[in-house]
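Structural characterization, general
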Amino acid sequence: MATAGKVIKCKAAVAWEAGKPLSMEEVEVAPPQAMEVRVKILYTALCHTDVYFWEAKGQTPVFPRILGHEAGGIVESVGEGVTELVPGDHVLPVFTGECKECAHCMSEESNLCDLLRINVDRGVMIGDGQSRFTIDGKPIFHFVGTSTFSEYTVIHVGCLAKIDPEAPLDKVCLLSCGISTGLGATLNVAKPKKGMTVAIFGLGAVGLAAMEGARMSGGSRIIGVDLNPAKHEQAKKFGCTDFVNPKDHTKPVQEVIVEMTDGGVDRAVECTGNADAMISAFECVHDGWGVAVLVGVAHKEAVFKTHPMNFLNERTLRGTFFGNYKPRTDLPGVVDMYMRKELELDKFITHSVPFSQINTAFDLMLKGEGLRCVIRMDE
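Residues numbered from 1 in each chain as written. Predicted model: local features only at pLDDT ≥ 70, side-chain atom pairs only at ≥ 80, totals over all residues. Heavy atoms only, no water.

An unreviewed UniProt entry lists the protein chain under the name alcohol dehydrogenase, with Aegilops tauschii subsp. strangulata given as the organism. Regarding the protein chain, the UniProt comment filed under Subcellular location (unreviewed entry) reads as follows: "Cytoplasm". One UniProt comment on the protein chain, placed under Subunit (unreviewed entry), says "Homodimer." (UniProt positions renumbered as here; feature names shortened; annotations may be inferred.)

Right, here's the structure in full:
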């Protein structure tokens, strides 16, 4: 590439301060250093995590910053030591990584890489502690190692999954975060067998991805649980057979589900981050074999309380991070599931806007409208 080794000037949507609309700026993007890759982003989507850190109500505010982490792009150039990617490769950036060398990466049971696991406070590259973005020479901070709200970005090689170049990036970009998180929680952690009953708590994009996993597994009854009755209709596209709104009942929702299913569901996946929903998800699974999986992130002071007898009666409680997928090793296979038409992604995309209208995507999410809004970088 003619641009390799040189600074690239391009458009980026910069968050200058918490809660203020993103501003379109010309940024300088430095060449990739050792073990880094410069990527041309073609499509990026808005995930709730971007909004959460843009609002910065409960976290360390790191500004000015380029947010964005759910995306798809093409390698523009690679830094020293990068052997597994070449310019032109199609990649999905991931907010967590896989160095392939630490104890976690060497373990078949973990995807929590010691070197590259998510760090929400770090606004610089791990190699030299510097940012690769500047405006008039002043640094603009990175976000979770990806910063995809820029036409070009620099990412550690361990946070890039190389995928089938035939896969449409405007669809599979969703697999770089939310959809894989929910899908993997069901397929890799809850692991329902064909004909099992599954309850999904929280029917946002992640919950519906968990539900998609239940549909793909051949669940006989798939129960959606949400406080918003409007979620029921949408959930039917993802295999939902029953809908329960806790507000419609006087008794705890776990008791409602136990009664509905003659003793409890076989599997439950919790995607809300609310501690009470987590307890309900665990207490609604069947004794003897029931498994509940926690996906949602609770606030700092949250406490999970249940009677130990629930465990002694052979219920299992599990947690997951990014659907237990190792980004580099496993994501190409998830893309292949889409290409084989086993996994449906199009139904998650409810809106699409050009890059210049990225703030519209934020407005839609703040209003709770739609599931995923894909942002087209070339417009």
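Time to look at the pairing of strand E5 (residues 90-93). Judged by which residues are buried, E5 turns out to be covered on both faces: His90 and Leu92 on one side and Val91 and Pro93 on the other are all buried. The pairing of E5 with strand E9 (residues 160-162) spans 3 bridges and is classified as antiparallel. Bridging from a neighbouring strand, proline 93 pairs with leucine 160 of E9. (Buried < 20%, exposed > 50% of the residue type's maximum accessible area, 1.4 Å probe, protein only. Helix = DSSP H or I, 4+ residues; strand = E, 2+ residues; numbered from the N terminus. Pairing = 2+ DSSP bridges.)

With that settled, the discussion passes to the environment of leucine 174. Following the sequence through the fold, leucine 174 ends up in the loop between helix H3 (169-172) and helix H4 (178-190). It is 6.1 Å that separates the C-alpha atoms of leucine 174 and glutamate 70, two residues lying 104 residues apart in sequence. Setting aside residues no more than four positions away along its own chain, leucine 174 makes contact with Ala45, Glu70, Ile179, Ser180, Leu345, Phe348, Ile349, Arg372 and Val374. (Contact = heavy atoms within 4.5 Å.)

Turning to the UniProt feature "domain: Alcohol dehydrogenase-like N-terminal" (unreviewed entry) in the protein chain, a few remarks are in order. Here the UniProt-annotated "domain: Alcohol dehydrogenase-like N-terminal" (unreviewed entry) positions come out as residues 35-163. Summarising residues 35-163: 9% helix, 29% strand, and an end-to-end C-alpha distance of 19 Å.

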